[in-house]
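In case you want the letters, here they are:
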Amino acid sequence: MAHNELTMGGLTPRDHAFYGLVWAGTTLTARVDQALTRHHDLPLSWFEVMLWLHGQKEPVAPSELGARTLLSRSQVSRVADSLQARGLVERIPSPTDARSVRIALTDAGRRAFAEADATRREALAEVFDDRLDDADIAALEAIWAKLKSRPKGEGRA
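Each chain has its residues counted from 1, running along the sequence as written. Residue-level local features of this predicted model are given only where pLDDT is at least 70; pairs of side-chain atoms are given and counted only at 80 or more, and the full residue set underlies all totals for whole chains, interfaces and linings. Hydrogens are left out, water is left out, and the side-chain values use all remaining heavy atoms of the structure.

Caption draft 1: Structural context of a nonpolar patch on the surface. Only residues whose relative accessible area exceeds 30% and that take part in no salt bridge are eligible for patches, with like-charged residues grouped when within 9 Å of each other and nonpolar side chains (Val, Leu, Ile, Met, Phe, Trp, Tyr) grouped when within 5 Å. Using a 1.4 Å probe, accessible areas were evaluated by the Shrake-Rupley method; residue-level cover was limited to the displayed protein chains. Salt bridges are counted wherever a side-chain nitrogen of Lys or Arg sits within 4 Å of a carboxyl oxygen of Asp or Glu. A grouping of L11, F18, Y19 and V22 is seen on the molecular surface, where their side chains present a nonpolar patch of about 350 Å² in accessible area. Numbering goes from the N terminus for both helices and strands, where a helix is a DSSP run of H or I of at least four residues and a strand is a run of E of at least two. Relative to the assigned elements, L11 resides in the segment before helix 1 (13-40).

And the structure:
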């Protein structure tokens, strides 16, 4: 059977750049998810919630996590349930609203995050860190900042 070399055809450089971002995100995400699941039984979505919680000094409302993560508020709630069942997060009543709660990492959660983060770094070393120098990282940071900024013409809240 003949082997055909697949190409993306007559796409523009912008199309190639877009699909390159999609490829990179999908490939790197899958690699990290597999490593975290294999070594820690911790899906990437759980790690992402822990990542945001790890960086906070105070407990966080689920809605704030939903706004920052790639997860919806209901997904954040389900992830928090799973993390709480494993003793990695705790729900704390809001000091300003008796009807709501905030989420924080437990000490066990901080330890589990540190171990999982080391696994994440190891999983990315060969395919990301070892291939990109400081100038590449700076360029990516500039690109992400542009892509995350509010499009021109959108009203400010």
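Caption draft 2: Fine view of the pattern of salt bridges. One pass over the structure, following the stated rule, counts five salt bridges. R102 is the salt-bridge partner of E64, the closest N and O atoms lying 3.1 Å from each other. Of the two residues, E64 sits in helix 3 (residues 62-68) while R102 sits in strand 2 (residues 101-105), which places them 38 residues apart along the sequence. Here R91 and D81 are joined by a salt bridge, their closest N and O atoms 2.8 Å apart. Highlighted residues: R91 in strand 1 (residues 89-93) and D81 in helix 4 (residues 73-85), separated in sequence by ten residues.

Caption draft 3: Representation of the nonpolar core within the structure. Remark: nonpolar core denotes a set of buried residues (Ala, Val, Leu, Ile, Met, Phe, Trp, Tyr, Cys) joined through side-chain atoms within 4.5 Å. Burial here depends on accessible area, computed with a 1.4 Å probe over protein chains only, as a share of the maximum for the residue type. Under 20% is buried, over 50% is exposed, and the range in between is partly exposed. By size, the foremost hydrophobic cluster in this structure holds 22 residues, and its most contacted members are L42, V49, M50, L53, L65 and L83. The element that contributes the greatest number of residues to this core is helix 2 (residues 44-54), accounting for five residues. Here, two residues are considered to be in contact whenever any of their heavy atoms come within 4.5 Å of each other. Every residue in contact with L53, bar those within four places of it in the chain, is listed here: V60, L65, V89, I103, A104, L105 and R110.

Any link to function would need more than the numbers given here.
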